Amino acid sequence: MDRAGFEAAYRACYGDLCLVAASAAGRSAAEDVVQQAAITALARLDRFTDGTSFKAWMATIVRNAARNHRRGERREGDRRLRLAGMGRGRARGESPAPERGLDPKIEEAISTLPDRQREALLLRTVREHDYAVIAELLGVPENTCRSDVLRARRALASALEGQRATSPSAGAGGAR
């Protein structure tokens with residue numbers, strides 16, 4: 001693949017890569033992580049095998065860049081990572097999520113999911129990808145993606161039900 005081919009393929013999957021980065025590194029770091037991954041990928045373009053999935057190759061580099069970013073933040077003492085890509089548009093490029101914010105309780109519940117489950121869930125629900133595309137991006141079998149999404153949904157339902165049961169307004173009925 002040459003540089004022009006890289007640029008076209010990169011643009012085509014940019015939104016998905018931002019969602020992968022946001023899922024792993026937080027909302028505020030997503031674009032920086034994807035850009036760092038692009039720099040790394042360009043430097044290693046000779047390692048890309050033609051005929052394989054560019055999107056999956058880039059997603060792996062993005063996950064590694066996100067992991068490095070998290071390590072750097074931990075070293076700096078910043079443990080306040082937030083889930084990214086779930087709202088508010090960006091200055092450039094495609095927004096990885098619809099133009100709406102999520103309830104902070106939902107964001108918190110999503111952020112507690114294991115990385116692959118969180119990525120699979122967001123790619124399915126936010127980007128509305130089918131399981132074959134998610135499997136390609138995550139580098140796992142399609143049925144594994146289905147299981148990850150199902151487990152993530154169950155974990156979220158359980159976490160949110162638990163929050164509802166412990167909230168001060170829970171059980172407050174209309175009758176007095």
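Reading guide: rules and limits
- Residues numbered from 1 in each chain as written.
- Predicted model: local features only at pLDDT ≥ 70, side-chain atom pairs only at ≥ 80, totals over all residues.
- Heavy atoms only, no water.
- Helix = DSSP H or I, 4+ residues; strand = E, 2+ residues; numbered from the N terminus.
- Buried < 20%, exposed > 50% of the residue type's maximum accessible area, 1.4 Å probe, protein only.
- Areas by Shrake-Rupley, 256 points an atom, 1.4 Å probe, with all protein chains shown as cover.
- Phe/Tyr/Trp six-rings, centres within 6.5 Å; stacked < 30°, edge-to-face > 60°.
- Axes fitted to C-alpha atoms, helices over the stretch in contact; angles between N-to-C directions.
- Parallel < 35°, antiparallel > 145°, perpendicular 65-115°, else oblique.
- Left-handed = near helix turned anticlockwise from the far one by under 90°.
- Contact = heavy atoms within 4.5 Å.
- Nonpolar A, V, L, I, M, F, W, Y, C, P; charged D, E, K, R; others polar.
- Core = buried A, V, L, I, M, F, W, Y, C linked by side-chain atoms within 4.5 Å.
- Salt bridge = Lys/Arg side-chain N within 4 Å of Asp/Glu carboxyl O.

Caption draft 1: Representation of the overall build of the protein chain in the model. Within the protein chain, the secondary structure is distributed over seven helices and zero strands. Helices and strands appear in the protein chain in the N-to-C order α-α-α-α-α-α-α. Taking all 176 residues of the protein chain together, the buried fraction comes to 41%. Of the roughly 10000 Å² of accessible surface on the protein chain, 48% is carried by carbon and sulfur atoms.

Caption draft 2: Quick look at the environment of glutamine 35. Counting through the fold element by element, glutamine 35 comes out in helix α2 (residues 30-43). Linking glutamine 35 and tyrosine 14, residues 21 residues apart in sequence, is a C-alpha distance of 9.7 Å.

Caption draft 3: Local environment of the packing of aromatic side chains. Counted according to the given criterion, the structure contains six aromatic pairs. Look at phenylalanine 6 and phenylalanine 54: their rings are 5.5 Å apart centre to centre, the planes differ by 80 degrees, and that puts the pair in the edge-to-face class. Here phenylalanine 54 lies in helix α3 (residues 54-76) and phenylalanine 6 lies in helix α1 (residues 3-25), a separation of 48 residues in the sequence. A ring pair is formed by phenylalanine 54 and tryptophan 57, whose centres lie 5.9 Å apart and whose planes are at 50 degrees; its orientation type is tilted. Here phenylalanine 54 pairs with tryptophan 57, and both are found in helix α3, just three residues apart, close to one helical turn.

Caption draft 4: Local environment of the packing of α1 against α2. The contact between α1 and α2 brings their axes to 8 Å, and the two run at 140 degrees. Regarding the angle of α1 to α2, the classification is oblique. The crossing of α1 and α2 is right-handed. Facing Arg3, Phe6, Tyr10, Tyr14, Leu17, Cys18, Ala21, Ala22 and Ala25 of α1, the residues of α2 in contact are Ala30, Glu31, Val33, Val34, Gln35, Ala38, Ala41 and Leu42. When its residues are assigned to classes, the contact of α1 with α2 shows 14 nonpolar, one polar and two charged.

Caption draft 5: View of the nonpolar core. Counting 48 residues, the largest nonpolar core has Phe6, Tyr10, Phe54, Trp57, Met58 and Val62 as the members making the most contacts within it. Broken down by secondary-structure element, the contributors of at least two residues to this core are α1, α2, α3, α4 (104-111), α5 (115-125), α6 (131-138) and α7 (142-166). Per element, the largest residue contribution to this core is 13 residues, and it comes from α1. Those residues in contact with tyrosine 10, other than ones at most four positions away along the chain, are Leu17, Val34, Gln35, Ala38, Phe54 and Met58.

Caption draft 6: Spotlight on the pattern of salt bridges. As enumerated under the stated definition, the model contains eight salt bridges in all. Notably, a salt bridge pairs lysine 55 with aspartate 16, separated by 3.1 Å at the nearest N-O pair. Highlighted residues: lysine 55 in helix α3 and aspartate 16 in helix α1, separated in sequence by 39 residues. Between arginine 63 and glutamate 119 there is a salt bridge, with the nearest N and O atoms lying 3.2 Å from each other. Taken as a pair, arginine 63 in helix α3 and glutamate 119 in helix α5 lie far apart in primary sequence, 56 residues in all.

Caption draft 7: Local environment of unusual backbone geometry. We note that glutamate 128 has phi near 60 degrees; this positive angle belongs to a residue other than glycine. Here glutamate 128 is to be found in the loop between α5 and α6. A residue is classified by how much of its surface remains accessible, and glutamate 128, at 65% relative accessible area, is exposed.

Caption draft 8: Seen up close, the packing of α5 against α6. The contact between α5 and α6 brings their axes to 10 Å, and the two run at 140 degrees. Classified by the angle their axes make, α5 and α6 are oblique. Relative to α6, α5 is oriented so that their crossing is right-handed. Along its contact with α5, which presents Arg116, Glu119, Ala120, Leu123 and Arg124, the element α6 presents Tyr131, Ile134, Leu137 and Leu138. For the contact of α5 with α6, the class distribution of residues is six nonpolar, no polar and three charged.

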